[in-house]
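The lines below spell out each chain.
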Amino acid sequence: MDLPTFLVQCLNALQYGLLLFLVASGLTLIFGIMGVINLAHGSFYMIGAYLAFSLAPVFGGNFAATLVAGLVLAVIFGYALEWLFVSYLYERDHLQQVLMTYGLILVFEELRSILVDNDVHGVPVPKWLDGSVQLGDLMQYPVYRLAVSAVCLAVAAALYVVIARTRLGMMIRAGSSNREMVQSLGINIKFLYRVVFAAGVALAVLAGMIAAPVSSVYPGMGAQVLIVCFVVVVIGGIGSVRGAFLAALLVGIVDTFGKVLFPQAAGIAIYLLMAAILLWKPEGLFRQG
Amino acid sequence: MPDTGAPLLRAHGVTRRFGGLAAVSEVSLDLAEGAIHAVIGTNGAGKSTLINVLAGEIAITGGSVELLGIDVTHWPQPKRAQAGLGRSYQRTTIFPRFSVFENCRLAAQATHQVPWNWWTAAADCPKSTALAREALDRTGLAGLADRTAGLLSHGEKRQLEIAMCVATRPRVLLLDEPLAGMGAEEAQRMVELLNRIKPTHAILLVEHDMDAVFRVSDRITVMVNGAVIASDVPAAVRADAEVQLAYLGEVHV
Amino acid sequence: MMATIRRLFVPLTVMVLLFAFPLATTGFYLEFTSKVMILAIFALSLELLVGATGLVSLGHAAFYGIAAYATVLLSPKFGAASVFWLLPAAVTCSALYALLVGALSLRTRGVYFIMVTLAFAQMAYYVFHDTKLGGGTDGIYLNFKPEVILFGTKLLDPGKPVALYYVVLVSLVLVFLFLAVLLKSRFGRVLAGIKSNEQRMRAAGFATFPYKLAAFTLAGALAGLAGFLVAVKDGFVNPEMLSWHESGAVLLMLILGGMGRLSGAVLGAFAFALLQLFFQWEVVFGNFAKHWPLMLGGTIILCVAFMPNGLIGLPAQWRARRARKTTEEARA
């Protein structure tokens, strides 16, 4: 592999890993703080992508406006979903949560089928990002992909600031390691949960929207991203956003280079990675507590 | 002090660190057959951690543990249990949905595991049923054998906890606050139980109930912040100045 | 004595009905019931894991699909194989993968275990979906169904639907009885103890990992039996048999029927298949029938929310509610 190709693959790995982080961070936060395993989390990613596709004509192709509209809808949707559905899952055991959120996946998939369709779609890259950067003599890299990575990094940084430096973040960190304690401290737990859930949904929806021009919009994308996110969370440790970040990057690298170096073993590289880590450190690489 | 036998469990310099914090620091003690060795201390003194390390539930950071002359320092818990070490838990750890009898029988089964025999019903297993009956008789629960364990009173559940512990006929017992949450009458019954099983076991007793501790122990070790500050016969411990200082205002009546 | 008869009454009646069924019907209903009985075996295998041992696996379909694929791939292209080596071979393939996955997954607990089992199933799915091994997304056909040949005579022709029906029925009965005996045995009681309080089991002296691994492998093998039967029945396998939808469906059967009881697993399989059929019934739902997953999803949510003990647990639930009502009325 020559240097420009290697560089391209590195950038691809970075972009994929960062997108994964966006989705996985929501999943791990929701589980870490509320103790809910939500199988439908991948559906939010899918919803984001289909939103980007459906809203684009509404805003005449203005991608920024589509993003903002999509995020607003996501927050409202997440807030409502927590209030009407997820809040009933807190007291239930994992099996019931798994099954109820599995039912939710079926509902979301069919709603999408009814409201939009079951087809594969493309979403055009916004014009002002539609260009390439020169890498070496022969290689070019799409500006949009770099922009995606940049947005993900910005969100990651924002997440870090919120979690490490704000009161809300303090409550999140406390809730992540000791839920009962936070509750007994009289913090408005209902509101905290709703905010965290809505944020998790928004993160996944955002990821889906910005990924749409790159990875296209297809029905199975929710399931696919969910399972990879599970691998990320297992490796990074539940409830650890830092762990999710590092694990997502690791998975991004292994998956991208795996597909390039061993195209036949394409899909299974990350599962082999997970198996190896389970052998070595069953608690995950960065498990807290 | 009654005639006690050779030490069945010896702990040398047992240390357990969590990051920079030493929850248990250089604790040494012996458990002799026919004797009760109590470990007391304020909250957070490291008593439960000590039991967990001796039982093999959490890994040891330093020191050694010898059971019946064998070095079991790095043995996992089930292996130590098989070698004759039993423990009870501070938080009642029983099988709430099973009957009292089945609770003991299943625990006793550990000494006679025949997993490949899939055709014989467990209830027909002579060895485990006999051990269960014996354990229930010794702890005075024979009358409640068919009751569902989850429906017992708190005191009865604590008794069952002990019964399950002795069902495997261990030589050494680690008891973590068996009197926890008990009223006076129940505590009295538990103390009688402990005296009944004392002659055939070497017992480590972690307790907060000072009255019971001083009544029933042959030796007392006092821990503060993970380290031992005194280890002697009860009378000497009671008179020890350092112990009195540590316990000022914390003694249970 | 009376209690035993009462307890056995329903299962025995069901068995008699099932044995008599082919005399009354043919074609679609026969095939449908065969399929459901195979799903019942699949569900029973998961019950051993989830209901008996408390290990929630979201990747059980992998063992179902692997045996099915093994059945097709190991069958010679130009003749029928003997069931006496094909069946053990297919089941062994599933059991081996279960052993491997179990050895790794059981190092985790709780939610991690759920996620890891799903991931390993997905890995197997990709092997059959993306590589030429399994004919890709199209799947592969079984050219010749295996035969039951004993001492040179052909005992059964699994190609005939009725013969296959009885093979499946007998298998179901045998698996049911085997598990019923197993769960009462010492091994089965240890599993129950692990489910109830694993810490206490370890404190008593049980090394719990080997027991869990044995249960996991056995469950995988039994799922493999179901996979073998479905491959023989349909003569066709495709990667979707290993998909997480299949894993979710079988988990659903357990909670629908009621966990903790073997008959719950069987009941759940029937209930699930009937529900799925019902929601696809155009006579009732018209054009909306093609969106049956929506109704299925809604039903799942409602079932888990309001029927946590499944259909089998309904009588007890009603009795409890009636008892509560009478005490409330008495107090008022």
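All of these numbers come straight from a predicted model, not from anything done at the bench.

Draft legend 1. Structural detail: the pairing of strand β7 (residues 172–176) of chain B. All names here are of chain B. When you tally the buried positions in β7, you get 5 out of 5 residues, the bulk of the element. Every second residue of β7 is oriented toward a common face, with Val 172, Leu 174 and Asp 176 on one face and Leu 173 and Leu 175 on the other, all of them buried. Two elements, strand β6 (residues 85–88) and β7, share 4 bridges in a ladder whose sense is parallel. Paired with Leu 85 across the two strands is Val 172, which belongs to β7. Alignment of β7 against strand β8 (residues 202–206), held across 5 bridges, turns out to be parallel. Looking at β8, one finds that Leu 173 is bridged to Ile 203. Tracing the backbone out of β7, into helix α6 (residues 184–197) and back to the parallel element β8 gives a crossover that is right-handed.

Draft legend 2. Structural view of the interface of chain A and chain C. Facing 42 residues of chain A, the contacting portion of chain C comprises 41 residues. For the chain A and chain C pair, buried surface summed over both sides reaches about 3,800 Å², with 82% attributable to carbon and sulfur atoms. Contact with chain C buries surface across chain A, with Leu 95, Leu 99 and Tyr 102 of chain A losing the most and accounting together for 16% of the total. Our enumeration of links across chain A and chain C arrives at 0 salt bridges.

Draft legend 3. Structural view of the interface of chain B and chain C. Tallying the contact residues gives 35 residues for chain B and 23 residues for chain C. Carbon and sulfur atoms make up 59% of the area that chain B and chain C hide from each other, which totals about 2,400 Å². On the chain B side of the interface with chain C, the three residues burying the most area are Pro 78, Phe 95 and Trp 118 of chain B, jointly 24% of the side's total. Counting the contacts that link chain B with chain C gives 2 salt bridges. For the side of chain B that touches chain C, the secondary-structure elements that each account for two or more residues are α2 (77–82), β6, α3 (100–109) and α5 (154–167) of chain B. Looking at the side of chain B that touches chain C, the element that brings in the most residues is α3 of chain B, giving 5 residues. Looking at the side of chain B that touches chain C residue by residue, the classes come out as 20 nonpolar, 10 polar and 5 charged.

Draft legend 4. Looking closely at the pairing of strand β9 (residues 219–224) of chain B. Residues and elements named next belong to chain B. Bridge count for strand β3 (residues 36–41) against β9 is 5 bridges, and the pairing is parallel. By the bridge assignment for β9, Ala 38 is matched with Ile 220. As defined by bridge partners, β9 adjoins strand β10 (residues 227–232) across 5 bridges and the pair is classed as antiparallel. Across the sheet, residue Thr 221 finds its bridge partner in β10, namely Ser 231.

Draft legend 5. Region of interest: the confidence of the model for chain C. Residue and element names in this part refer to chain C. Here chain C averages 88 in pLDDT, and 97% of its residues register 70 or above. When the elements of chain C are averaged for pLDDT, strand β2 (residues 148–150) gives the smallest value, 65, and helix α8 (residues 208–234) the largest, 96. With a pTM of 0.91, the predicted complex shows an ipTM of 0.91.

Draft legend 6. Molecular detail of the sheet that holds strand β2 (residues 21–32) of chain B. All names here are of chain B. Taken together, 4 strands build an open sheet; the order of strands is β2-β1-β4-β5 and the sheet is antiparallel. Either end of the sheet is taken by a strand with one partner, and the two such strands are β2 and β5 (70–71). In terms of strand pairing, strand β1 (residues 7–18) meets strand β4 (residues 62–67) through 5 bridges, oriented antiparallel. Each residue of the ladder has a partner; that of Arg 10, found in β4, is Glu 66. Across the sheet, helix α1 (residues 47–55) is in contact with β1, β2 and β4; its angle to β1 comes to roughly 115°.

Draft legend 7. Representation of the pattern of salt bridges within the structure. Enumeration over the complete set of coordinates arrives at 18 salt bridges over all chains. The closest approach of N and O atoms between Asp 255 of chain A and Lys 259 of chain A, which form a salt bridge, is 2.9 Å. Residue Asp 255 of chain A and its partner Lys 259 of chain A are located together in helix α10 (residues 241–261), separated by 4 residues, close to a single helical turn. A residue is classified by how much of its surface remains accessible, and Asp 255 of chain A, at 7% relative accessible area, is buried. Classification of Lys 259 of chain A by relative accessible area gives partly exposed; the value is 43%. A salt bridge links Arg 189 of chain B to Glu 185 of chain B; its shortest N-O distance comes to 3.6 Å. With Arg 189 of chain B and Glu 185 of chain B both in helix α6 and 4 residues apart, the pair spans about one turn of that helix. On the accessibility criterion, Glu 185 of chain B (59% relative accessible area) is exposed. Residues participating in the shared-partner salt-bridge network are Glu 57, Arg 87 and Asp 176 of chain B.

Draft legend 8. Broad picture of helix α10 (residues 262–279) of chain C. Taking 1.5 Å as the rise per residue, α10 of chain C with 18 residues should run 26 Å; its terminal C-alpha atoms sit 26 Å apart, in good agreement. Here the buried face of α10 of chain C lies against α2 (27–53), α6 (161–184), α9 (244–257), α11 (282–285) and α12 (292–306) of chain C.

Draft legend 9. Seen up close, helix α4 (residues 126–139) of chain B. All names here are of chain B. Given a rise of 1.5 Å per residue, 14 residues ought to cover 20 Å, and the 20 Å separating the end C-alpha atoms of α4 matches this to within 8%. For α4, the set of buried residues is Ser 128, Thr 129, Leu 131, Ala 132, Ala 135, Leu 136 and Thr 139. For α4, the arc enclosing every buried residue in end-on projection is 160°, short of the 170-degree limit, so these residues lie on one face. Residues of α4 that are exposed and point over 90 degrees away from its buried face: Pro 126 and Asp 137. Of the surrounding secondary structure, the elements contacted by the buried residues of α4 are α3, α5 and α6. Gly 140 lies just past α4 and shows a positive phi near 75°.

Draft legend 10. Molecular detail of the sheet that holds β7 of chain B. Residue and element names in this part refer to chain B. A sheet is described by the order of its strands in space; here 6 strands give the open sequence β6-β7-β8-β3-β9-β10, paired in mixed fashion. Each edge of the sheet is formed by a strand with only one pairing partner; in this case those strands are β6 and β10. Neighbour-to-neighbour, the strand axes of this sheet turn through a mean angle of 15°, independent of strand direction.

What counts and what doesn't
Residues numbered from 1 in each chain as written. Chains lettered and ligands numbered in written order. Predicted model: local features only at pLDDT ≥ 70, side-chain atom pairs only at ≥ 80, totals over all residues. Heavy atoms only, no water. Buried < 20%, exposed > 50% of the residue type's maximum accessible area, 1.4 Å probe, protein only. Helix = DSSP H or I, 4+ residues; strand = E, 2+ residues; numbered from the N terminus. Pairing = 2+ DSSP bridges. Right-handed = clockwise from strand over helix to strand, strands pointing away. Contact = heavy atoms within 4.5 Å. Buried area = accessible area lost by both parts, 1.4 Å probe. Salt bridge = Lys/Arg side-chain N within 4 Å of Asp/Glu carboxyl O. Nonpolar A, V, L, I, M, F, W, Y, C, P; charged D, E, K, R; others polar. pLDDT = per-residue confidence, 0-100. Axes fitted to C-alpha atoms, helices over the stretch in contact; angles between N-to-C directions. Expected span 1.5 Å × (residues − 1). Arc of directions from axis to C-beta.

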